[in-house]
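So the chains spell out like this:
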Amino acid sequence: MTEIIDILISASFWAAVIRIASPLIFATMGELICERAGVLNLGIEGIMVIGAFAGWMGVYQGLPLWGGVATAMCAGMLFGLLQSILTVPFGLSQHVVGLGVTLLATSSASFTYRLMLPEVTSPPKIEPFQPLDIPVLSDLPWLGEAIFQQTALTWAAFAVAGLTAWVLFRTPLGLAVRAVGENPAAVEAQGLSVTGLRMGAVIVGSGLMAVGGAFLTLSAFSSFFFEMVNGRGWICVALVVFGAWKPGKAVLGALLFAGFDALQIRLQQTPIGTHLPYQLFLAAPYLLSILALILMSRRAEVPAALMTPYNKGER
Amino acid sequence: MRLEPIANPSTARRLGLPALALVATLAVAMLLALIAGANPLDTLGQIATGALGSKLAVLETLNRATPLIFTGLAVAVAFRAKLWNIGAEAQLYAGAIVAVVLGTGAIPSPLVLPLSALAAMIAGAVLLLGPVILKTRLGVDEVVTTLLLNFIMLLFVSYLLEGPMKDPMGMGWPKSPALIPEARLPRIIDGLRLHWGFALSLISAVVIWVIQTRTTLGFEIRAVGQNPEAARFAGMPVNAVLIKTALLSGGLAALAGWSEVAGLKGHLSSDLSPGFGYTGIIVAMLALLNPLGVILSAIFVAGIFVGSDAMSRTAGVPTYIADMLMATALLFMVLAILLTRVRVVRG
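A few points on the structure. Values in this document were obtained by computation on a predicted structure and should not be read as measured data.

Conventions and cut-offs
- Residues numbered from 1 in each chain as written.
- Chains lettered and ligands numbered in written order.
- Predicted model: local features only at pLDDT ≥ 70, side-chain atom pairs only at ≥ 80, totals over all residues.
- Heavy atoms only, no water.
- Contact = heavy atoms within 4.5 Å.
- Buried area = accessible area lost by both parts, 1.4 Å probe.
- Salt bridge = Lys/Arg side-chain N within 4 Å of Asp/Glu carboxyl O.
- Polar contact = N/O pair within 3.5 Å; in protein donor to acceptor, adjacent residues only side chain to side chain.
- Helix = DSSP H or I, 4+ residues; strand = E, 2+ residues; numbered from the N terminus.
- Disulfide = S-S within 2.5 Å.
- Buried < 20%, exposed > 50% of the residue type's maximum accessible area, 1.4 Å probe, protein only.
- Phe/Tyr/Trp six-rings, centres within 6.5 Å; stacked < 30°, edge-to-face > 60°.
- Core = buried A, V, L, I, M, F, W, Y, C linked by side-chain atoms within 4.5 Å.

### Observations regarding the interface of chain B and chain A
Right, on to step 1. Counting residues at the interface gives 45 residues for chain B and 45 residues for chain A.
Right, on to step 2. When chain B packs against chain A, the two sides together hide about 4000 Å² of surface, and 82% of this comes from carbon and sulfur.
Right, on to step 3. At the junction of chain B and chain A, the tally comes to 0 salt bridges.
Right, on to step 4. On the surface where chain B and chain A come into contact, there are 6 residue pairs in polar contact (both at pLDDT 80 or more).
Right, on to step 5. Elements with a minimum of two residues in the side of chain B that touches chain A: β1 (2-5), α1 (11-35), α5 (109-138), α6 (142-162), α11 (276-286) and α13 (321-341) of chain B.

Written out as C-alpha cells, the structure reads:
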C-alpha cells in the first residue's frame, strides 16, 4: 500500500498522467464529434496510425513540428472523407466501413514506410516537442513538475477539448451537429444538409484522431513503430461511452484512464510488480475499458440516431 | 444525392457489380505497383505466380487459406445475424491454447484429436459468450469488447509462453512444448505438405451452409439479422438466437487456431496468427457472407498474401501491398453489394 501512496504523491506520476492522457483526449474528442453527429467512426485506430506516421514522416522530411501536426491532420481528414462518403450518403454499415478504413489506413502507413525507408531496420528519430517553460509556474515546487512542464501539444489537447465543448454546446453549428445525431429529419426540415453536417463532423473528427496519433510520434516517442497505437483507438471509443458523449466527462475519463496506466507502469517496478506477471499490468487498460463500458451501459445517453443512416425522402 | 431501392435487381447487376469491385481492386494494385516504381502488369503476374505458379506455391496458398476459411466462416455466421464479432483473433488463440494443453500428453492417444478439437471449440465459444451476453443484457457494443479482448488474449498468450506453458527446451524462446505425435493432424496425402485441417475447414463450410439453408436456426439467424424487432414480434427468441450464433462463431474461429497448432506448427508461439482473425472479416465480406463462397474467397485472399510475399522479394514492392489490397477490396465490395440493391438518384 505504501508503494502506491509513494507513487501517487510523486510529481512525475502526475506529469505522466497528463502526458498519457493527451493523445487519448485528441482522439476521444474526434470520436465524440463523429458520434454526436450520428456516425460511429471505427476508422479511429487506423487513423491514429496514419496520423502517427504522417506527422513523423513530415518532420523527418524537414517540416517544422507544427507542420508535422498539420500533415497528420490532413492525412486523417483524407481517411475521414473516405469513411464519411461510405457511411453518410451511401449509408453503409458503420462497423464494416470503420474496420475497413482502419485496415486501409494501417496498411497504407506500413506500405509507405517501407517504400520510403526500404533498408532501414530501426526507424530514425526526430527531434520531438520539448516541455514548455512557463515563467514562474514551471518553477513552482512539486506543482511545476506535476503540471506545468508539458509540451505545447499537450496544452493543445486540453484547448481542443475546451473548444469542442464550446462549439458543440454554445454555437448554432454545434446545435446542428448534435441535432443531426438525434433527429436528422428535423434538421433536414430546417433546411440544413444532414449529409453535409455529418460528413463535416466525421472529417473534422478524423483530423483530431490523427493528431492524437501524431502526439505519439511528435511528443511522446520521437519515432514511429508499427504497433505503437496498440488499441488506443478502441480505448477512445470506450472513453466516449464512459464520458456519456460529453467532452468534459470524456476528458476526466481520459485522465482517470491515464492515471491507471501511469500507475501500472510504476507498480511493475515495485515488490507488488515482481510477484505478478507484467502482462497483467499491460492488460489493465483494456480490462478497464471493458469495465467502463459495463459500468456506463445503463446510464449512457446515446445519441438517438447513432449508427442510423439517413436517406432523404425515406420514412 | 439519394438512394432509391431497386425492386428486382437483374442477375447482371447482382453478379456484375461484385466482379467490378474485384477488377477495381486489381486496378488499385497496379496503381500501387506504379507508385512503388515497379511494372504494374509484372507485379500482378508475380503475385499470381507466387500464389499458384508451382505445386509448392499452391500448397502454401491452401495452407494459408485453412485458418482463413475457419475465421471467415466465424465472421460470416456472426455477421449474418448482425452480431459484430471482431474477436476471431482472440478466439483463434483460445483454440490454439487448448490444442497445446490437451495435446502435450494429457489425454490418451486415440481420443486426443477429437477431444481437443471439441474442447477448443468450447473455449472459443465461451470467449465470445461474454461480449454477447453484455450486448443482450446491457446493450454494450460487442465490437469494442471483442476488439479489446483480442489485446487481452495476446497478453495472456505471452504470459503463458513465458510462464506456465514455456517450453523448457525452447532455448529461451517464448514458445510452448511440441505436441505429441498423436495430437498432430496427419497430412491428407503422404508427401504433400497439406494437413487434415484443410479438409476439416471444407467440411465446416458445408456444415454451416446446411445449417444456414436447411435448418430453423439458419432461418432464425437470417431473420434476426434482417430485422431484430420484426423477429421478436414474430415470437423468435432473439437473444437465444444471438447466443447460439455466438457459440457457432466462436467455435469456428477457435478451430482456426487449433488446426494451425495441430496441423501446421505443432506448438504455440505468440506469432501464430498474423491477423487471421481480422482477415476473416475480409474473407467473409468478399464471400458475401456465403459459407461456400468463404472457401473461394479465403483461397483468393491467401493467394494474395502468399503471392505478395514472393513478389516483394523480387520486385521491391513492399509486401504490405497485400493488406492494402484486402482493405480496398473490402470497401469496394460493401459498396458494390449496396449498389446491387439501390441506385443513386439526384435530389
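### Brief notes about the state of the cysteines
Residues and elements named next belong to chain A.
Right, on to step 1. In this structure the tally under the stated criterion is 0 disulfides over all chains.
Right, on to step 2. Considering cysteine sulfurs only, C34 is the nearest to C74, which forms no disulfide, with 16 Å between them.
Right, on to step 3. Assessed through its relative accessible area of 51%, C74 is described here as exposed.

### Details of the packing of aromatic side chains
Residues and elements named next belong to chain A.
Right, on to step 1. Applying the stated criterion to the full structure yields 16 aromatic pairs over all chains.
Right, on to step 2. Look at F53 and F224: their rings are 5.3 Å apart centre to centre, the planes differ by 70°, and that puts the pair in the edge-to-face class. Highlighted residues: F53 in helix α3 (residues 44-60) and F224 in the loop between α10 (194-220) and α11 (232-242), separated in sequence by 171 residues. Here the two residues F53 and F224 agree in accessibility, since each one is buried.
Right, on to step 3. The exposure class assigned to F224 is buried, which follows from its relative accessible area of 2%.

### Details of the nonpolar core
Right, on to step 1. The biggest cluster of nonpolar side chains holds 219 residues, and the ones touching the most others in it are F224 of chain A together with F79, W258 and L268 of chain B.
Right, on to step 2. Of all the elements, α13 of chain B adds the most residues to this core, at 15 residues.

### Digging into the environment of P309 of chain A
Residues and elements named next belong to chain A.
Right, on to step 1. Here P309 is to be found in the segment after α14 (278-296).
Right, on to step 2. Classification of P309 as partly exposed rests on a relative accessible area of 40%.
Right, on to step 3. Distance in space between the C-alpha atoms of P309 and A244 is 21 Å, their sequence separation being 65 residues.
Right, on to step 4. Other than its neighbours up to four places away in sequence, P309 contacts G91 and R198.

None of the figures reported here should be taken as evidence of function without further support.
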